[in-house]
Every structure is written in structure tokens, then in C-alpha cells.
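Chain by chain, the residues:
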Amino acid sequence: MPHLQPPFNDTDLESFGHALESAATHAQLAALFQERGLQEPAAEPNWPKWKRIHLTLHHAQQQAGNGNPVLGFMALILRPARFVENPARFTEACERVNRVLAFHGLRYREDGKFGKIQAATTIDEARERAGRLRAELERRKVHPDVLTFCTAELVQENYFHAVLEATKSVSEKLRAKSGRTGDAGQLAAETLGLGQSGTPVLALNSLQTETERSEQRGLTNLFVGMFGTFRNTTAHGAKVSWPVTEQDALDLLTLVLFLHRRLDDARTTRPSVSTP
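Conventions and cut-offs
Residues numbered from 1 in each chain as written. Predicted model: local features only at pLDDT ≥ 70, side-chain atom pairs only at ≥ 80, totals over all residues. Heavy atoms only, no water. pLDDT = per-residue confidence, 0-100. Helix = DSSP H or I, 4+ residues; strand = E, 2+ residues; numbered from the N terminus. Contact = heavy atoms within 4.5 Å. Axes fitted to C-alpha atoms, helices over the stretch in contact; angles between N-to-C directions. Parallel < 35°, antiparallel > 145°, perpendicular 65-115°, else oblique. Left-handed = near helix turned anticlockwise from the far one by under 90°. Nonpolar A, V, L, I, M, F, W, Y, C, P; charged D, E, K, R; others polar. Buried < 20%, exposed > 50% of the residue type's maximum accessible area, 1.4 Å probe, protein only. Polar contact = N/O pair within 3.5 Å; in protein donor to acceptor, adjacent residues only side chain to side chain. Phe/Tyr/Trp six-rings, centres within 6.5 Å; stacked < 30°, edge-to-face > 60°. Expected span 1.5 Å × (residues − 1). Core = buried A, V, L, I, M, F, W, Y, C linked by side-chain atoms within 4.5 Å. Salt bridge = Lys/Arg side-chain N within 4 Å of Asp/Glu carboxyl O.

A. Structural view of the confidence of the model for the protein. Of all residues in the protein, 74% attain a pLDDT of 70 or more, and the chain-wide mean is 78. Mean pLDDT across the elements of the protein ranges from a minimum in helix α7 (residues 144-155), with 58, to a maximum in helix α4 (residues 68-77), with 94. Across residues 232-242, where pLDDT falls below 50, the model places 15 contacts with residues more than four positions away in sequence or in other chains. Here residues 272-276 is a poorly scored stretch, pLDDT under 50, and it has nine contacts once near neighbours within four places are set aside; other chains count.

This is the structure:
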């Protein structure tokens, strides 16, 4: 934590309240305020958590004349040990907090400490500090199923494992929609391929014309190729031997987004039979 942090403006404090409200229950908030020695102003019974945080931090900062009480409380409520059972909540709260801290040249790290960064001057720069890849995916309206599987990796800008987790999300949806077991390319071939019967387990279109059947074949190859290129490589190769750049990850995750959308509209053509 900096030796003396200048005060945050009231808009920042309100943003911190919204960013941190999912990190504790109402009862836990009271205990955390007490542990940090913060006096909570008299609250209305139905005040939301974000407002309690906002006003308590506002009061503490006024008394101290600097922003150190704000950072101290932030470090307490975001203490990594509190999120052992729910790491996704930790990464989400950190990302939201860091979007505001970026304007002050600070970042809250996954080790529970603050680090200095080059201060952001625009919203785009703040989003970049909090995670360029996730910000770009949000701009592209990435499929929520992709972010569910790789939120932590994106916040940490761990592109190698973000790719791996994103491809797992496709396998998960293939299993859910088809009722089949299996994984990766083999699962895609078994559920989407036309096979000897000419009817796939999951149809990606109506299959009424040769053009549509050709599209089904092409998309099946795309699914299988995606797994072969990224899933197999990242699952069995060391991170240092197969580097994934930000642009590689962005391209792959955009492809995963496209495949998810096609699977959303897929229909089951026949009862599922799990592969032994």
C-alpha cells in the first residue's frame, strides 16, 4: 500500500461500493468494518451493501484526510483467503476494483497486495489495465459460457490457460446438448458428424439441402480442427514450449464464441446414447 494515498473522489468511492458488494454479506460487512476500526454511519434498515460501503469509506477518508483507510478496507475484504471456496467471485471483484484504481496508478494483485502501474487517463486505458483481452471480448459481446470457463485466466492475462479453459466450454456444451460422454475432437465428430446414417446427433441446420449438409460437414471439421489446434496442444504441452500471444487468444476465443452460438441453435435429431 502506498505510504500516503491521496483521497478518492466520491464517485470512486461509490464505484468501490458496487465493486465490493458481492464480496461479503451484510453481517460480514459489519464484522469487517469493526476489524478495520471503521465506524459505519447510522444506516437505514434497507440500505444495500454498496451504499453501506460507500458511506463508511467516505466517513473514514474524511477523518483520515487521505485514501489509506479505503485501500486498507479493500485489502481486508478482498483478502484471498476469504475466497477459497469461490475464486470466481474474487477475480470478478478484483477486476471491477482495478478498473477504478487504474486511474490512480494502482492495481490490486491476486496475492492480496497493491502494485503501482502507469495511471490510466481514459476509460479504455482503465479497462486495459484491468485486462485487455476480457475488455475486447466484452466489446464483441462474447458468449457468457466462454467467460464462465476462463474468467480467472483472463483477469490474470494468462492467455495459455484462457485458451485451454475456453475450449473446455465447447466440450461441455456438446455433452450437455447431446447427452454423450467423451471430449474434444472425438466428441465433436461423434455428435456433429453425418456418419453412415447421414443424420448427426446434433444438427446445426435443417439438413434439407446439399448446401446445408455441406455446411454441417464443414462446421464439424471446424469444431474438430479447433480442438486439434488449441485443446490438444495446450493440454499436453508446457506453457513455455507453446506460447499464446494476446492476439492468438483473442482470435481463438472469437472462434469459440462463434461455435457456441451455433451450438445454441443446434437441435437433437435422435435419442442420445453415451459412447462407452
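B. Expanded view of the packing of helix α2 (residues 26-36) against helix α3 (residues 49-64). Contact geometry of α2 with α3 gives a least axis separation of 10 Å together with a crossing angle of 15 degrees. Considering their axes alone, α2 and α3 lie roughly parallel with respect to each other. As for how α2 packs across α3, the hand of that crossing is right-handed. Residues H26, L29, A30 and F33 of α2 lie in contact with α3, whose contacting residues are K49, R52, I53 and T56. Of the residues that constitute the contact of α2 with α3, the class distribution is four nonpolar, two polar and two charged.

C. Summary view of unusual backbone geometry. At A184, a position not held by glycine, the phi torsion is positive, near 55 degrees. Counting through the fold element by element, A184 comes out in helix α9 (residues 184-192). By relative accessible area, A184 is classed as buried at 10%.

D. The arrangement of the side chain of T191 in detail. Topologically, T191 is positioned in helix α9. Separated by 2.8 Å, the side chain of T191 and the backbone oxygen of L187 make a polar contact. For T191, the contacting residues outside a window of four places in its chain are L174, S178, R180, P200, V201 and L202.

E. Inspection of the packing of helix α1 (residues 10-20) against α4 at higher detail. The geometry of α1 relative to α4 is characterised by a closest axis approach of 12 Å and an angle of 5 degrees between their N-to-C directions. For the element pair α1 / α4, the angle class is roughly parallel. For the pair formed by α1 and α4, the contact residues are L13, F16 and L20 on the first element and V70, F73, M74 and I77 on the second. Class assignment for the residues of the contact of α1 with α4 results in seven nonpolar, no polar and no charged.

F. Region of interest: the packing of aromatic side chains. Scanning all chains against the criterion turns up four aromatic pairs. Note on Y108 and F114: the rings are 5.1 Å apart at their centroids and 65 degrees apart in plane angle, and the pair reads as edge-to-face. According to the relative accessible area criterion, Y108 is buried, its value standing at 2%.

G. Expanded view of helix α5 (residues 87-101). Here α5 is 15 residues long and its end C-alpha atoms lie 21 Å apart, about the 21 Å a rise of 1.5 Å per residue gives. Along α5, the residues classified as buried are F90, T91, A93, C94, E95, V97, N98, V100 and L101.

H. Structural context of the environment of S22. In this structure, S22 sits in the loop between α1 and α2. For S22, a relative accessible area of 28% corresponds to the partly exposed category. Sequence spacing of S22 and R89 is 67 residues, and the spatial spacing of their C-alpha atoms is 7.4 Å.

I. Seen up close, the nonpolar core. Counting residues in each nonpolar core, the largest one holds 31 residues, and the members touching the most others are F16, F73, M74, I77, L78, V97 and L101. Looking at this core, the elements that each hand over two or more residues are α1, α2, α3, α4, α5 and β1 (106-108). What L78 contacts, discounting residues up to four positions off in sequence, is L20, A23, F83, F90, A93, C94, V97 and Y108. Membership of the second largest hydrophobic core comes to 22 residues, among which are M226, L253, V256 and A266.

J. Broad picture of the pattern of salt bridges. One pass over the structure, following the stated rule, counts nine salt bridges. For the salt bridge of R109 with D111, the shortest nitrogen-to-oxygen distance reads 3.0 Å. Among the salt bridges present, the one from E215 reaches R262, with a minimum N-O distance of 3.2 Å. Placement of the pair is E215 in helix α10 (residues 210-236) and R262 in helix α11 (residues 246-264), with a sequence separation of 47 residues. Here E215 falls in the partly exposed class, since its relative accessible area comes to 33%. The exposure class assigned to R262 is buried, which follows from its relative accessible area of 18%. Here the salt bridges do not stand alone but share partners, grouping E172, R175 and D183 into one network.

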